[in-house]
Every structure is written in structure tokens, then in C-alpha cells.
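# Summary of structural features
Here is what each chain is made of, one letter per residue.
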There are 2 protein chains.
Amino acid sequence: MAGEFDLIKRYLAAPSSCRTRRQDGYADIGSASTGVVLGPGDDATLLSPTPGHQLAISVDTSVADVHFPSDAPPHAIGHRALAVSLSDLAAMGARARWYLLALTLPDVDEPWVKALAQGMHELAAHCGVTLVGGDTTRGQLSLSVTVHGEVEPARVIRRDGARAGDCIAVVGTLGGGAGGLRAWQQGERALTPLLSAYLYPHPLLAEGYALAGYATAGMDVSDGLLADLMHLCRASGVGAVLDLAALPLHPGLVEAYGLEQAQSMALHGGDDYALLLTLPERDVPAAQQALQGAAYTLRVIGRTAAPGTFETALGQPLHAQGWQHF
Amino acid sequence: MAGEFDLIKRYLAAPSSCRTRRQDGYADIGSASTGVVLGPGDDATLLSPTPGHQLAISVDTSVADVHFPSDAPPHAIGHRALAVSLSDLAAMGARARWYLLALTLPDVDEPWVKALAQGMHELAAHCGVTLVGGDTTRGQLSLSVTVHGEVEPARVIRRDGARAGDCIAVVGTLGGGAGGLRAWQQGERALTPLLSAYLYPHPLLAEGYALAGYATAGMDVSDGLLADLMHLCRASGVGAVLDLAALPLHPGLVEAYGLEQAQSMALHGGDDYALLLTLPERDVPAAQQALQGAAYTLRVIGRTAAPGTFETALGQPLHAQGWQHF
């Protein structure tokens, strides 16, 4: 097993273009742009934080048949595990810098591991984040990804800054995670836009960074819009009134499941990794402007209100339902 | 399961003495001494790195029945998982600052989780390291601990700085990990010094920090002295000559298993978490002096030599054997 795990380590190592390899796998990156002073191969990796910035750290574990189907394509499993963690940095308005992967595998299937590494590396390259360490062990399939971002103190997006009367806005689409998962469970294997939303969520790093100057509060939508909105409202000490007709439903969701189901998936489904933000109404045009060139626009879906209020624009009460992911 | 996991989160949260709790578990630490600007509860934790320092990061996963017996005391499982990761920071000469725990559990046994958390918190308090994040998921028992330390650039201990003619030294004892594991496998359950060496390894943070000004190279002994010494020698481009009679055998090891077995456990056994260092002979007295007040002294066990040389002081060739932990 030890020799096979050395093989895995090679696949999971950062692409060779950004490393100087030595005979024993000891890596000396020494690149100012990546901030990596000493790469994996020693007891610890050494990083050079950017002066004047705070470090944003988050860890998420994805367990097979709990957070994703174990027979999902390995390329998607790798992408998804990293995306889920990076989404937390997007929600803080942070710039993603470094990540570590603790990978547990039941056995070594070389093409499978290669595809998993490729899915992860491709997203990492796209997001400008560098793999700086990891550990590979034997056991039930799971991926624990720790991500590190950097953020200027004045530009941090927290959950607790919303004020009553702020607009509630979403960047990205809703319901695609739940709709895509249902499609997978119904046997869909072609990478339709819906299934892609579930298997290949995209962390909205550029969007979060662009909006950091405008948002009074924010978080990512991972457990379902209502559950996450309730977290934000509780942290900020406000309530919320939502316009359900304004929800940015994922393309194809209504066609696949009908309006009622689509709205329910948008409200209660998880795994969307959209950004949920609050901001003063007067800042909405400037925030829209800041998103020019990004993949998504900002959709205003409601208003914060007095604490205790949690209802639709028509006065119907809203209740979050638990979302069990897989 | 979700409600039970909220319970776990409470046990695993940093002890309340260092946090300001709010109604929703949102923590605002804001302590200059811990460096934590925003504690767990938001999408990411925010930390304030110390100016002029580099960040040392390492992750280790401990899987039940791979890295530790699943029926080991939970208090020891928690201690051990953190200790293994902190030992990597000790080996870099870093000061331990922050850690994250990704915990995967098959089911929720409240007293068991409480004891695990206690074992981890006690070691964390002893080492001055703060829990700043985590994730709890359902699955095969495993703990993935990511640790963060800080180190002044001029005081980093790397693996690749040894020069031919340096003294090879060990801080801590050898063979206790293998001897303690064998005792456990033979049914020993009383916490003898040997079993304690396996279940409760101690990360030598104070020792690594004190020696950072003297060591030309260093690492921790986790895979067995010879295997780890070979890694250090390869990274530094040197060989080694060892005086087997000088090995700091763990107390009780010879009495329990005889000299030959004890030496073999010290050379090939793993899980010792001693520090392996090289330093110029002229610096040995000052290094000993720097360790005054620490738990362990420095024991010189050999000399680095020309590349390719790897033998005992009597000229017998040395070969590392693979160590499979559990």
C-alpha cells in the first residue's frame, strides 16, 4: 500500500509547472506570486502571508454516499470537494490562496485517482489557488479540504452586519443543486446543465471579491436558501421578507419539475453555492456595476425586516426545512 | 443526525473561557493573544498573522484501525490526533497557533465524543494552540487535523540543511511508539509508561523552538528513526553513521522486550514523535543549554557523512524497514 500511496501523492502534487522537483520529491517553490516559501515534502509547508491582510480559513469534508454519490465521476468528486470549500472563501470576500487535501481511499485505482486529481487541479488553476499540502490514508472514501484565503480587514463579508431595510440579494442560481441531485438519482448520467449544477458547482470567488465593498452581510447558500438566510438573519439580529417570484431559479429547473417543485428546491434544497448578500438599496446599482464581466448578476429577492419577521411578500410565513445533502 | 451533530459541535468548540458566545453560536473572539479576529460560526474563520513571520501548515489524518485501534480510549484518540499534527510544527521550529478538526464519526455516542474533545482540548491548552474551525460528518471514524504555526524566517528548521560532519541528535525517546502498540495488541490496558508513549505522544514544541537557532536540519520521527533519517539525508545530500549504543531508548523498553528487540523498535518502529536534528559539534553545548527547563535533553547518536554512507559506527550497513503504523 505504501508504494501505491506514493503514486497517489505524485498525482495529487501540484502540477510540475510551478515546482522545482528534487530527487526525493522535496519541492522548493519559492515563488512570490504563489506565496509558497517551501512546498510539500518537509514536515510542514511554509507560506508567506500578504502584509496587512487577514487569513480566512475553512475546512469541509465530503464523504462518499453522504455528500456525494460514490459512483459519481471522480473528476467531478475532485472538483466538487474543492469547490465546496472555496465557496466559503467567496462568501467572505476573500481572495483564495492555498489549499490542503486530506484524502482517504478504500483502495488504489490509478485512473480513478488521476481523474480525481485532474478535476481538482483544473478548478484550482482556474481559481488561482495552490495545493500546499495533504495526507493520503486508507479507509472509507472521503475528502477533507482546508482552504486559505486572504482579505483586507475593511473588505470582509461577515454574517452579522445586515441592517433592517437592507436589500436581500442572490448572486448565482438556486435549486440547481437539488434538481441535479434528483436527476442523478433518477438515473441521468449525461452532463445536462442541471446535473452539472450538482456535480460541478462553481465557487463565486470573483463575485464575492467584487461585492466585498458593498455587502453589509453575506454567506454562501449550501444548506438551502431559507436555512442559510435564517442563519444570516439570526447573526445580524434582523428578519426577512422574500419575493418568491424573484428567486433566480436554475435554468431548466421549472421545465424539469414544474414551478412549485422548482421553487421548493430553490428554497429548501442545498448544494447551490450561490452567494446570499444584504446591501443598502442605494448601493445596488454600484454593486451591479462591480459585477460587470462576472458570470452572474445580482438579483434582489427581498428585504431585511424587524427581528422575528420571516415571511413572503404576500405575508405567508416561511419555514426552513432541513437539507440532508445526499 | 443534524441535531446530534450540533451537539458535537458544541463539545468540539473551543472552551468557552476564550470566546464570547452569542445566541446562535456565532463566536467573536477578537483576542490579540490568540490572533483570532473572527471565530468559528461564519463561512470562514479570520486570523491575524504575526507580521514578519512565515506560516507553517500541516495536515494529518488518523483513521480508526489504520492509525490507531478503534477501541482505544477516546480521550487518547483526541490527544493523539492533535499531537501527531503538532509534532510537524515542532520539527519546523515553529510556534503552534491554530488548528482545525475535520471529524468523521459512524454514530453519535455523547460521552465518547465528550472524552475525545477533552483529550484534544487539554493538549491544545497545554500547547497554546487554538481550535479555529472544523467540520463534522458521518462515516468511518477518522480525524483530520490541520495545524498552523508561525516561524521567523531565520529560525526555520528544514530537512535539507544538514552538512557532512554535523552531529546527528535526537530529542525525546525512541521505540516507545512501537513498544506501546505491541503492549496494546497484547492486551495491556493499564496506562504504563510504554502504553502511554503510544497513546499519548507529546509534541516537542518547546524543544523544537529552542533548538531552531542551532539545528542545520531536522524533522520529527514518525515513521521510524532509520526511515526518517534517510529522508533527511536524501533531502540534505549527505550520508550517516549511527552509534546504536547511544540511541535514547524509551524507559522500560529493554526490560519489556530485551535489548535486541528494543533497538529494533527504536530503529524501525514508528509513532515516536521525537525530534531528529543535525547540528555542528561546536553548537552542541549551547543547544543543550537552550534545552534547560525542557522535558528532554539532546542525545548525539551519530554523524552525517558522505552521500551513500548509511551504516553503524561499527561499519554495519543500515536499512530502513517500512512501518505500517497500526
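Cut-offs used in this document
Along every chain, residues carry numbers that run from 1 in the direction the sequence is written. Chains and ligands are labelled sequentially in the order written, the chains with letters from A and the ligands with numbers from 1. Side-chain atom pairs in this predicted model are given and counted only at pLDDT of 80 or more, local residue features only at pLDDT of at least 70, and totals for whole chains, interfaces and linings cover all residues. Side-chain numbers here rest on the full set of heavy atoms in the structure, without hydrogens or water. Secondary structure elements are defined from DSSP: runs of H or I of at least 4 residues count as helices, runs of E of at least 2 residues count as strands, and each element is numbered from the N terminus. Radius of gyration here uses only the C-alpha atoms, and the compact-globule reference equals 2.2 Å multiplied by the residue count raised to the power 0.38. Burial classes: relative accessible area under 20% of the type maximum marks a residue as buried, over 50% as exposed, and values in between as partly exposed (1.4 Å probe, protein chains only). Any two residues having at least one pair of non-hydrogen atoms within 4.5 Å are treated as being in contact. Reported accessibility uses the Shrake-Rupley method at a 1.4 Å probe radius. Residues are deemed covered only where the shown protein chains occlude them. Buried area: the accessible surface (1.4 Å probe) lost by two parts on joining, summed over both. A pairing counts as a salt bridge when a side-chain nitrogen of Lys or Arg comes within 4 Å of a carboxyl oxygen of Asp or Glu. Contacts described as polar in this section are N or O atom pairs within 3.5 Å, which, within protein, must combine one atom able to donate a hydrogen with one able to accept it, while residues neighboring in sequence count only if both atoms come from side chains. Three classes are used, and their members are as follows: Ala, Val, Leu, Ile, Met, Phe, Trp, Tyr, Cys and Pro are nonpolar, Asp, Glu, Lys and Arg are charged, and the others, Gly among them, are polar. Two strands are said to pair when DSSP picks up at least two bridges between them. All axes here are fitted lines through C-alpha atoms, helices being fitted over the stretch that makes contact, and every angle between N-to-C directions spans 0 to 180 degrees. The start and end points of each domain follow an automatic or database-based domain assignment.

Here we come to the overall build of chain A. Assigned secondary structure in chain A consists of 10 helices and 12 strands. Taking 20 Å as the expected radius of gyration for a compact globule of 326 residues, we find that chain A reaches 20 Å, a close match to that expectation. Once the C-alpha set of chain A is aligned to its principal axes, its extents read approximately 65 × 50 × 30 Å. Out of the 326 residues belonging to chain A, those deemed buried represent 59%. Here the analysis covers contacts within chain A between residues at least 6 apart in sequence; of these, 83% occur between residues at least 24 apart. Of the roughly 12100 Å² of accessible surface on chain A, 51% is carried by carbon and sulfur atoms.

Right, let's talk about the interface of chain A and chain B for a bit. Each partner contributes residues to the interface: chain A has 57 residues there, and chain B has 57 residues. Between chain A and chain B, roughly 4500 Å² of surface is buried when both sides are summed, and carbon and sulfur atoms account for 55% of that area. Joining chain A to chain B, the criterion identifies 4 salt bridges. Among the salt bridges present, the one from D43(B) reaches R159(A), with a minimum N-O distance of 3.3 Å. The interface formed by chain A and chain B holds 19 residue pairs in polar contact (both at pLDDT 80 or more) in total. Ranked by residues supplied to the side of chain A that touches chain B, first place goes to strand β3 (residues 54–63) of chain A with 9 residues. In terms of residue class, the side of chain A that touches chain B is made up of 24 nonpolar, 19 polar and 14 charged.

Tallying each qualifying case throughout the model produces 14 salt bridges over all chains. The salt bridge involving R159(A) is made with D42(B); its shortest N-O contact spans 3.6 Å. Of this pair, R159(A) sits in the loop between β6 (142–151) and β7 (167–171) while D42(B) sits in the loop between β1 (36–38) and β2 (45–47), placing the two residues on different chains. Each member of the pair, R159(A) together with D42(B), is buried. Two residues, R189(B) and D71(B), come together in a salt bridge whose shortest N-O distance is 4.0 Å. Of this pair, R189(B) sits in the loop between α4 (176–185) and α5 (193–199) while D71(B) sits in the loop between β3 (54–63) and α2 (74–92), and the two are 118 residues apart along the sequence. Of the residues examined, D71(B) reaches a relative accessible area of 52% and is grouped as exposed. Members of the salt-bridge network, linked through shared partners, are D42(A), D43(A) and R159(B).

What follows concerns the sheet that holds strand β5 (residues 130–138) of chain B. Read across the open sheet, the 6 strands follow the order β1(A)-β2(A)-β3(B)-β6(B)-β4(B)-β5(B); overall the sheet is mixed. Only two strands of the sheet have a single partner each, and these edge strands are β1 (36–38) of chain A together with β5 of chain B. Taking the axes of each pair of neighbouring strands and ignoring which way they run, one obtains an average angle of 25° across the sheet. Of the strands in this sheet, β1 and β2 (45–47) of chain A together with β3, β4 (95–105) and β6 (142–151) of chain B touch α2(B), which is tilted by about 30° from β6(B). On top of the sheet, helix α3 (residues 110–127) of chain B reaches β4, β5 and β6 of chain B; it is set at about 170° to β4(B), its chief contact.

Moving on: the domain arrangement of chain A. Residues and elements named next belong to chain A. The domains assigned to chain A are domain 1 (2–153) and domain 2 (158–312). A straight line from the C-alpha centre of domain 1 to that of domain 2 covers 27 Å. When domain 1 packs against domain 2, the two sides together hide about 1900 Å² of surface, and 64% of this comes from carbon and sulfur. When the area that domain 1 buries against domain 2 is broken down by residue, the three leading residues are R80, S87 and A90, summing to 26%. Across the contact surface, domain 1 and domain 2 share 2 salt bridges. Taken together, the links from domain 1 to domain 2 amount to 7 residue pairs in polar contact (both at pLDDT 80 or more). At the level of elements, α2 (74–92), β4 (95–105) and α3 (110–127) are the ones that each hand at least two residues to the side of domain 1 that touches domain 2. Considering each element in turn, the side of domain 1 that touches domain 2 owes the most residues, 12 residues, to α2. Each residue belonging to the side of domain 1 that touches domain 2 can be placed in one class, and the counts come to 15 nonpolar, 6 polar and 5 charged.

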